[in-house]
Structures are given as structure tokens and as C-alpha cells.
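Remarks on the overall topology
Chain by chain, the residues run as shown.
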Amino acid sequence: MDIKTIGTHNGTFHCDEALAVFLLRQTDAYKDASLKRTRDPAVLDGCDIVVDVGAIYDESKRRFDHHQRGFTEVFGHGFGTKLSSAGLIYKHFGKEVVASAAGLEPSDKKVDTLWLKMYKEFIEALDAIDNGISQYSSQEQPKYRNRTDLSSRVGWLNPCWNESTESEKVDALFLKASQLAGGEFLGRLDYYANAWLPARNLVLAGLSSRQNIDASGKIILFEQFAPWKEHLFELEAEQGVSEDELPFYVIYPDETGGNWRIQAVPVSPESFDSRKALPEKWRGVRDDELSKVSGVDGCIFVHASGFIGGNKTKEGALNLAKLALKM
């Protein structure tokens, strides 16, 4: 059997090439590949694919370095962060890795959704950190130091300055780092494929069928609890929902209490301001007094800010939403 060889640099290792090697080993072409860690050009020229060393980016030659002068490659699709070797390998091989790990056909549209989501939530930060790109511009000194991110944890696996840097030892530590980075990648992908994506599908169904709940289209009903806020804003943009068609209220069952919630949609995912808060005269009122004020039986509460409320039944929560639309 023809055993392929992956090449990367020796010495101190980083998260980007540790993950790049792991990702390559999830593909059919390189799943059984050996690994050479060296900076010797002659040895690298004998490898089937080279990452993070060699000063060449050329897909046709299977060379994926990002350190050379003039390198400006980005992921695209709205992302503008310069790629590291992790981002380069993910850009070219990531769809195969995602499809295989998630048990999907490569042609499934969910592969593209997960491929982009994993870049946004997992890979892009590794690219930025390796390329020395700050998360935000600021002249202020940070109030604390964060050395618990994945890039830092991979870095801590390198030998200390006063420990042996014998190549066999460092190569073994690199493999440990590669498994650490890859394990977290697969764990995050598993969440997005088996929890995040099903929630997205529920929100899409609710958004698409909201006129069946109320002719205004301002109320979305979920028959089961799922995290909806992030998905709603993304799907509204994807579906081209106009400003005058945006939903105001979401109805869903309580996670644990067996009751129902009515929540006002915020103006943005992180905002405390609502598109249309629940009526002022309901706010801060509870139980029987709230039922009396609203005229709806089974009321439990409305928050003092009017962003959320509760009722004992789905019908009660829906009635509150329909009344609130008119107030």
C-alpha cells in the first residue's frame, strides 16, 4: 500500500499545524499518512503534502504555508481573516472532513452550512491568533490575561526552556497536541451537527409557517424548546424578511417547568431592547393579578422590562401575544 507522508516543521509547534495535520488524517487520501517534522527542503520535497513550512502556497503542488511575504489568502464567504495552515487545510479539505464526521453525503446542503459554521466558530480564531491579529482595536490594557484558549493549551504542550528538546520527545508531544486540537474540533462539530443544526431547522420551520399561527406573521410558535435567537436573526437575513414582516413574539414551552413562555424578539441578538415589548401595564405583574389585568387565564408573570412572560398553557401564551400585538 502506498503510504503518503505529511510534512510540517520541527521545533516549537503551534495549534494551526497541529490541527492541520489532524484534519488531513480525517481524509481518505491521508488517513494513514506518516508524518515528517523537519525544515530540510529536500525532505519536504519528498512529502506528499506540506503544511506550515516551505514558504509556498500552491494547491496544485500540495504546499500549504502562510508565512511567505505577500501571502494574503482568506477563507472568503464574508470572512476576511488571513489564513494560517489550519485555515488553509480547512478551506481545501474541510468539506470532506465535515461530511465524513457528520455522516452526511458530500452533496448535502447541510455540509456547506456546517463547514461555514465551523470556520466562524472554531477555525477563524486559530487563524487570527497564529497570524497575530487582534480580536479588536484598543489602546487600553486588558484587565486580565486569557491563556486557556485552545491555541494557548497547545502551546503549553511544548517542552519548557530547561527541558529536553530531543526530536523524538517533541514529535510525541506534537501528536498529543494534534489529538487535543482535533478532538475539540470533532466535539464542536458534533454539537453543531446534532444540536445546533436541528434547532436551526426547527426555527426555519417556525419562521416559514408563522402566518398559520397568526395572519399578521408577527408570532412564531415552537412546539418544543430549542435555542432560537441566533438562528432567527440569521434565517431572517437569509430569507430576506423585510422590516415590516419581522416577527415580534416567540411562543415556546418552558425548558423544565411544563409551562409556556412568550418572549419578545430583541432588536439584535445581544440587545436588551425588544422589537415590541410586552404591554407596560402587564410588566412586573404576576399570577391571578396578571390574569385579571390581561384578561387571559393561567398567567404566571411578565418581566418588569417586558421582554418575557409566562402562562400555564400554550393557548394562554398565544392569547397574550395576540393581545400584545394590538396594544
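The structure we're discussing is the one just above.
Scope of this entry: the structure provided in the associated data block. All figures in this text were calculated on a predicted structure; none of them were measured in a lab.

Attention now moves to the pattern of salt bridges. Here the structure, examined in full by the defined rule, presents 14 salt bridges. The salt bridge involving E184 is made with R153; its shortest N-O contact spans 2.5 Å. Residue E184 is located in helix α6 (residues 167-208), and its partner R153 is located in helix α5 (residues 150-155); the two are separated by 31 residues in the primary sequence. Exposure remark for E184: the relative accessible area of 26% places this residue in the partly exposed category. The structure contains a network of salt bridges with shared partners spanning K117, E121 and E230.

Our next topic: the side chain of D65. Tracing the backbone shows D65 in the loop between β5 (63-64) and β6 (74-76). An unpaired buried charge is present at D65: no salt bridge exists, and R39, the closest side chain of opposite charge, is 7.2 Å distant. Here the side chain of D65 touches V53 through a polar contact of 3.3 Å, landing on its backbone nitrogen. The residues touching D65, leaving out its near neighbours within four places in the chain, are D52, V53, G54, A55, I56, Y57, F71 and L88.

For the rest of this paragraph, the subject is the environment of T113. Note that T113 resides in helix α4 (residues 109-130). Residue T113 is classed as partly exposed on the basis of its relative accessible area of 21%. If we skip the residues at most four places from it in the chain, T113 touches W196, L197 and R200.

So, on to the packing of α4 against α6. For the pair α4 and α6, the least separation of the axes is 10 Å and the interaxial angle reads 125°. Judged on the interaxial angle alone, α6 and α4 are oblique. Seen from above, α4 lies across α6 with right-handed handedness. Contacts from K110, T113, L114, K117, M118, E121, F122 and I123 in α4 reach A181, E184, F185, R188, L189, Y192, A193, W196, L197 and R200 in α6. In the contact of α4 with α6, the residues fall into 11 nonpolar, 1 polar and 6 charged.

With 42 residues, α6 should cover 62 Å at 1.5 Å per step; its first-to-last C-alpha distance of 58 Å lies within 8% of that length. At Y192, α6 is deflected by roughly 35°, the largest bend along its length. The N-cap residue of α6 is E166: its side-chain oxygen and the backbone nitrogen of E168 are 3.2 Å apart.

What follows is about the nonpolar core. Counting 49 residues, the largest nonpolar core has L19, Y90, L114 and F185 as its most contacted members. Secondary structure elements with two or more residues in this core: α1 (15-24), β3 (49-51), α3 (85-102), α4, α5 and α6. The element best represented in this core is α6, accounting for 11 residues. Non-local contacts of L114, meaning those with residues more than four positions away in its chain, are made with Y90, V98, A102, L104, L189, Y192, A193, W196 and L197. Counting residues in each nonpolar core, the second largest holds 20 residues, with I251, I262, L290 and L320 among its members.

Of all 5 residues that make up strand β10 (residues 260-264), 4 are buried, and the element is covered over most of its length. With 5 bridges connecting them, strand β9 (residues 249-253) and β10 associate as antiparallel partners. For P253, the partnering residue across the bridge sits in β10 and is W260. A loop of 6 residues connects β9 with β10, the two strands running antiparallel in sequence, and G258 in this loop sits at a positive phi of about 75°. Judged from the 4 bridges that link them, β10 and strand β12 (residues 308-311) form a sheet pairing that is antiparallel.

With the rule as written, the count across this model stands at 0 disulfides. With no disulfide partner, C15 has as its closest neighbouring cysteine sulfur the one in C160, 18 Å distant. Look at C15 and you get buried, because its relative accessible area is 3%.

This part takes up the packing of α3 against α6. Packing of α3 against α6 leaves a shortest axis separation of 11 Å and a crossing angle of 65°. You can see that α3 and α6 cross each other, and the crossing is right-handed. When α3 is examined against α6, the residues Y90, V97, V98, A101 and A102 are found in contact with a partner set consisting of F185, L186, L189 and A193.

At A55, a residue that is not glycine, the phi angle is positive and equals roughly 60°. By the element assignment, A55 lies in the loop between β3 and β4 (57-58). A residue is classified by how much of its surface remains accessible, and A55, at 47% relative accessible area, is partly exposed. Positive phi, normally seen in glycine, also occurs at D287, with a value near 50°.

Procedures and definitions
Residues numbered from 1 in each chain as written. Predicted model: local features only at pLDDT ≥ 70, side-chain atom pairs only at ≥ 80, totals over all residues. Heavy atoms only, no water. Salt bridge = Lys/Arg side-chain N within 4 Å of Asp/Glu carboxyl O. Helix = DSSP H or I, 4+ residues; strand = E, 2+ residues; numbered from the N terminus. Buried < 20%, exposed > 50% of the residue type's maximum accessible area, 1.4 Å probe, protein only. Lys, Arg positive; Asp, Glu negative; His and termini not counted. Polar contact = N/O pair within 3.5 Å; in protein donor to acceptor, adjacent residues only side chain to side chain. Contact = heavy atoms within 4.5 Å. Axes fitted to C-alpha atoms, helices over the stretch in contact; angles between N-to-C directions. Parallel < 35°, antiparallel > 145°, perpendicular 65-115°, else oblique. Left-handed = near helix turned anticlockwise from the far one by under 90°. Nonpolar A, V, L, I, M, F, W, Y, C, P; charged D, E, K, R; others polar. Expected span 1.5 Å × (residues − 1). Bend = angle between axes of the 7 residues up to and from the residue. Core = buried A, V, L, I, M, F, W, Y, C linked by side-chain atoms within 4.5 Å. Pairing = 2+ DSSP bridges. Disulfide = S-S within 2.5 Å.

Coordinates in, geometry out; function isn't part of it.
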